[in-house]
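# Observations on the model geometry
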Amino acid sequence: MASLVLAEHDNAMLKDATHKAVTAAAAISTPVHVLVAGENCEAVAQAAAKIAGVEKALHADAPSLARQLAEPMEALILSLAGAYDAILAPATTTGKNILPRVAASLDTPQVSEILKVVSPDTFEHPIYAGNAIETVQAPAGKIIATVRTAAFGAAAEGGGATLEKITAPADPGLSKFIGEALSKSERPELTSARIVISGGRGLGSAENFKLLDSVADKLHAAVGASRAAVDAGYVPNDYQVGQTGKVVAPDLYIAVGISGAIQHLAGMKDSRKIVAINKDADAPIFQVADYGLVGDLFKSLPELDEELAKRGYK
Amino acid sequence: MKVLVPVKRVIDYNVKVRVKADQSGVDLANVKMSMNPFDEIAVEEAVRLKEKGMATEVVALSIGPHQASETIRTALAMGADRGILVKTDQTVEPLAVAKILKAIVEAERPDLVITGKQAIDDDSNQVGQMLAALLGWPQATFAHSLELAADSAKVAREIDGGLQTVEVKLPAVITTDLRLNEPRYASLPNIMKAKKKSIDEKTAADLGVDIAPRLKVLKVSEPPKRGGGMKVESVGALLDRLKADGVI
Ligand SMILES: Cc1cc2nc3c(=O)[nH]c(=O)nc-3n(C[C@H](O)[C@H](O)[C@H](O)COP(=O)(O)OP(=O)(O)OC[C@H]3O[C@@H](n4cnc5c(N)ncnc54)[C@H](O)[C@@H]3O)c2cc1C
């Protein structure tokens, strides 16, 4: 039959998490269709139609879908589900919120955060904070899975899918959007940045946390944090990297003042190169770091910043 | 208002997990087990609602082996009023957990179910959402803060971009994120008191729920290990290395 991928977007921009989920979907069942649900999101639907390997972009536009709340999104996906033998979403907070509802209503188990498609019904996914990898085979019937985006390459641009407008079912009227407080940043997004620099409790305060900014700017890096730094209020929750925050796998991950608890490692240990700056030579972060700098971050960070400037990074 | 809080017995978050040599699973023999940390946050939130006079009864429920009653006792010591143990020695997948919870909800008629956003063993992040769907209830997942009214709840949710606030009609399912509260430690007198609170025991069969696994676990393996790294003496040396690796 076909697979359906839920597009990740904010009504204005299609996010590359979608392209990564498309890569996973193409290994499970083709053709691949992408569902763009939102309000005034025509441009996103057009962008989705340009993903290579996508046959059709479905565009559902309605005020009730503006925030992709789980209840109306469930109703929408259920109205389409019959035509698909696989339904996937990127494992973002949006996908994780919506997809289990769809699975339960279809009486189908969900496989969370697939890392690899072994065969169209068999997947690897992490359990125990990534300390074990489980290979599971789904039963006959539909495949329902969220996709760990850090584990898949993005499908290329350059497709020419058809664009089809679809009507959303009535809003079940159980929930409503009240407001949002989104972090604004000129920097790349954590989950798609090539370089990430994260700070931990060692930074000591919200004020000190800004020491990372100058280095991040020079490297065009995204800024992340440990749970302890978020809990202490140095930075907002969306900075958290780890088992229960965001999972990243950049080319370079720089951990500053982070001890390396398993819950943090779960979110970054698949990075290509890892650098740790920590004053405790025995900190567990050094066990996963390619390069460790033992020392006081309040000395090392300004030095790093200066040395980057000297070498022409601006 | 009655609040139901599902709690799971899981490997303690401090334990280093080991995969069994025969790849059949992870080694749980003689390993410290605790309440899933997100469920502790759920119990705390429910108990606070009771202390504020907004909840009348907090029921803690666990699905698991006999020892899961210890997890329920922990919830009772934190302030839950009574417990329900749905006893089973087999693995219960998230969808089956949701079905058991649905049967309990239909019998207990709570106005609110508060549970953790994920269990730190299987990391599925599914049960709350599945339960809400099976009941036709709204959900507010990844709760960062909760404001309860008579017939609705306003919940700020931790999302990838920051915070999103939604209002859901009651009854509803809420799943907790890390910042919702800081769970209390049970005091000794409360631990003693908890011993006298009742735990009702049931089985999935009593509830008419089929919990046979639907997913087939083919193997559980170790993740790829990272090669040991090296210490560098200066930021200059570090940048030389990174440049040579082509990452900056
Ligand atoms: C259910 C649950 C979920 C969790 N999820 C996550 C998650 O998703 N992500 C996450 O990160 N954590 C998570 N945690 C928390 C995790 O267990 C750790 O508590 C947390 O990662 C520690 O953060 P940290 O390394 O910043 O702080 P600490 O462990 O306190 O480490 C601070 C480090 O800074 C170093 N340091 C201090 N001062 C300096 C200095 N001047 N110069 C250099 N180094 C210095 C210290 O040597 C130390 O190693 C979770 C925990 C639980 C229970």
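If you're wondering where the values come from, they're calculated on a predicted model, not measured in any experiment.

### With respect to helix α9 (residues 297–310) of chain A
With 14 residues, α9 of chain A ought to run about 20 Å at 1.5 Å a step, and its terminal C-alpha atoms sit 19 Å apart, in line with that. Taken as a whole, α9 of chain A has its buried residues at L297, S300, L301, L304, D305, E307 and L308 of chain A. Down the axis, α9 of chain A shows its buried residues gathered within 170° of arc, on one side only. For α9 of chain A, exposure combined with an orientation more than 90 degrees from the buried face picks out K299, E306 and K310 of chain A. On the buried face of α9 of chain A, the contacting elements are β12 (195–199), α6 (211–219), β14 (252–256), β15 (273–278) and β16 (291–294) of chain A together with α6 (235–245) of chain B. One side-chain oxygen at the N-terminal end of α9 of chain A lies 2.9 Å from the backbone nitrogen of F298 of chain A; it belongs to D296 of chain A.

### Notes on the sheet that holds strand β11 (residues 175–182) of chain A
Across the sheet, 10 strands lie side by side as β11(A)-β9(B)-β8(B)-β7(B)-β10(B)-β6(B)-β1(B)-β4(B)-β5(B)-β11(B); this open sheet has mixed pairing. Looking at the sheet topology across the chains shown, the edges are occupied by β11 of chain A together with β11 (199–202) of chain B. Each adjacent strand pair in this sheet contributes to an overall mean axis angle of 30°, direction not counted. Inspection of the sheet shows strand β7 (residues 139–148) of chain B paired to strand β10 (residues 172–176) of chain B by three bridges, in the parallel sense. Bridge assignment links A143 of chain B to a residue of β10 of chain B, and that residue is T176 of chain B.

### Observations regarding the site of the ligand
In the vicinity of the ligand there are 28 residues, among which R201, S226, Q240, S259 and N278 of chain A approach most closely. Around the ligand, the nearby residues trace back to chains A and B. A distance of 2.9 Å separates a nitrogen atom of the ligand from a polar side-chain atom of T244 of chain A. The side chain of H264 of chain A places a nitrogen or oxygen atom 2.8 Å from an oxygen atom of the ligand. When isolated, the ligand has an accessible area of 980 Å², and the protein chains bury 86% of it.

### Description of the confidence of the model for chain B
Summing up the model confidence of chain B, the mean pLDDT is 97 and the portion of residues at 70 or higher is 100%. This prediction of the complex comes with two scores: 0.98 for pTM and 0.97 for ipTM.

### Regarding the interface of chain A and chain B
In this assembly, 85 residues from chain A lie in contact with 76 residues from chain B. Summing both sides of the interface, chain A and chain B together bury roughly 6,800 Å²; the carbon and sulfur share of this comes to 55%. In this structure, the salt-bridge partner of R214 of chain B is D107 of chain A, at a minimum N-O distance of 3.5 Å. Across the chain A-chain B interface, the total number found is 44 residue pairs in polar contact (both at pLDDT 80 or more). Of the residues in the side of chain A that touches chain B, the class split is 38 nonpolar, 24 polar and 23 charged. Relative to strand β12 (residues 216–221) of chain B, strand β8 (residues 132–137) of chain A is paired through five bridges, and the arrangement is antiparallel. Directly across from T135 of chain A, in β12 of chain B, lies its bridge partner K219 of chain B.

### Let's talk about a nonpolar patch on the surface
Residue and element names in this part refer to chain B. A surface patch of nonpolar side chains, amounting to about 290 Å² of accessible area, comprises L188, I191 and M192. Along the chain, I191 falls in helix α5 (residues 188–194). I191 gets classed as partly exposed once you look at its relative accessible area, which sits at 34%.

### Here we look at empty space enclosed by the protein
Following the criterion strictly, the structure yields four cavities of 30 Å³ or more and no others. Taken as a whole, the largest cavity encloses approximately 80 Å³ of empty space. Lining the largest cavity are Y128, A129, N131, Q243, I262 and Q263 of chain A together with I11, D12, Y13, V15, V17 and I120 of chain B. Broken down by class, the residue content of the lining of the largest cavity amounts to eight nonpolar, three polar and one charged.

### Let's talk about the sheet that holds β12 of chain B
Across a sheet, strands are paired by hydrogen bonds formed along the backbone, either parallel or antiparallel in direction. Sheet architecture is open: four strands sit in the order β6(A)-β7(A)-β8(A)-β12(B), paired in antiparallel fashion. Bordering the open sheet on either side are β6 (116–119) of chain A together with β12 of chain B, each of which pairs with just one other strand. Adjacent strand axes in the sheet meet at a mean angle of 30°, parallel and antiparallel pairs treated alike. Relative to strand β7 (residues 122–127) of chain A, β6 of chain A runs antiparallel, the two sharing three bridges. Bridge pairing in β7 of chain A places S119 of chain A opposite T122 of chain A.

### Brief notes about the pattern of salt bridges
Residues and elements named next belong to chain A. Taken as a whole and assessed by the stated rule, the structure comprises 42 salt bridges over all chains. A salt bridge links E113 to R148, with the nearest nitrogen and oxygen atoms 2.8 Å apart. With E113 in strand β5 (residues 110–114) and R148 in the loop between β9 (143–147) and β10 (162–166), this pair connects stretches of sequence that are 35 residues apart. For the residue pair E113 and R148, the accessibility class agrees, reading buried in each case. Between R194 and D251 there is a salt bridge, with the nearest N and O atoms lying 2.9 Å from each other. Placement of R194 in the loop between β11 and β12 and of D251 in the loop between α7 (227–231) and β14 is noted, with a sequence separation of 57 residues between them.

### So, the environment of A55 of chain B
All names here are of chain B. Within the element layout of this structure, A55 appears in the loop between α1 (37–51) and β4 (57–64). Among the residues examined, A55 registers a relative accessible area of 5% and is labelled buried. Measuring from C-alpha to C-alpha, the distance between A55 and V3 comes to 6.7 Å, with 52 residues separating the pair along the chain. With near-sequence residues (within four places) excluded, A55 lies in contact with M1, V3, A46, L49 and K50.

### So, the packing of aromatic side chains
Residue and element names in this part refer to chain A. Taken as a whole and assessed by the stated rule, the structure comprises one aromatic pair over all chains. Here the aromatic rings of F209 and Y234 are separated by 6.4 Å at their centres, their planes lie at 50°, and the arrangement is tilted. Taken together, the residues F209 in helix α5 (residues 206–209) and Y234 in the loop between α7 and β14 connect sequence positions 25 residues apart. Across the pair, exposure class does not vary: F209 and Y234 are buried alike. In this structure, R67 is placed above the aromatic ring of F177, and the distance from its NZ or CZ to the ring centre is 4.0 Å.

### Describing helix α4 (residues 93–105) of chain A
All names here are of chain A. Where burial is concerned, most of α4 is hidden: 11 out of the 13 residues are buried. What α4 keeps buried is the set T93, G95, K96, N97, I98, L99, P100, R101, V102, A103 and A104. Remark: D107 follows α4 within two positions and exhibits a positive phi of approximately 50°.

Definitions and cut-offs
Residues numbered from 1 in each chain as written. Chains lettered and ligands numbered in written order. Predicted model: local features only at pLDDT ≥ 70, side-chain atom pairs only at ≥ 80, totals over all residues. Heavy atoms only, no water. Helix = DSSP H or I, 4+ residues; strand = E, 2+ residues; numbered from the N terminus. Expected span 1.5 Å × (residues − 1). Buried < 20%, exposed > 50% of the residue type's maximum accessible area, 1.4 Å probe, protein only. Arc of directions from axis to C-beta. Contact = heavy atoms within 4.5 Å. Polar contact = N/O pair within 3.5 Å; in protein donor to acceptor, adjacent residues only side chain to side chain. Pairing = 2+ DSSP bridges. Axes fitted to C-alpha atoms, helices over the stretch in contact; angles between N-to-C directions. Near = heavy atom within 4 Å. Areas by Shrake-Rupley, 256 points an atom, 1.4 Å probe, with all protein chains shown as cover. pLDDT = per-residue confidence, 0-100. Buried area = accessible area lost by both parts, 1.4 Å probe. Salt bridge = Lys/Arg side-chain N within 4 Å of Asp/Glu carboxyl O. Nonpolar A, V, L, I, M, F, W, Y, C, P; charged D, E, K, R; others polar. Patch = residues over 30% accessible without salt bridge, like charges linked within 9 Å, V, L, I, M, F, W, Y side chains within 5 Å. 1 Å grid on protein atoms, 1.4 Å probe; cavity = no way out; pocket = protein on both sides within 12 Å on 5 of 7 lines; lining within 4 Å. Points joined across faces, edges and corners; volume = space filled by probe spheres on them. Phe/Tyr/Trp six-rings, centres within 6.5 Å; stacked < 30°, edge-to-face > 60°. Lys NZ or Arg CZ within 6 Å of the ring centre and 35° of its normal.

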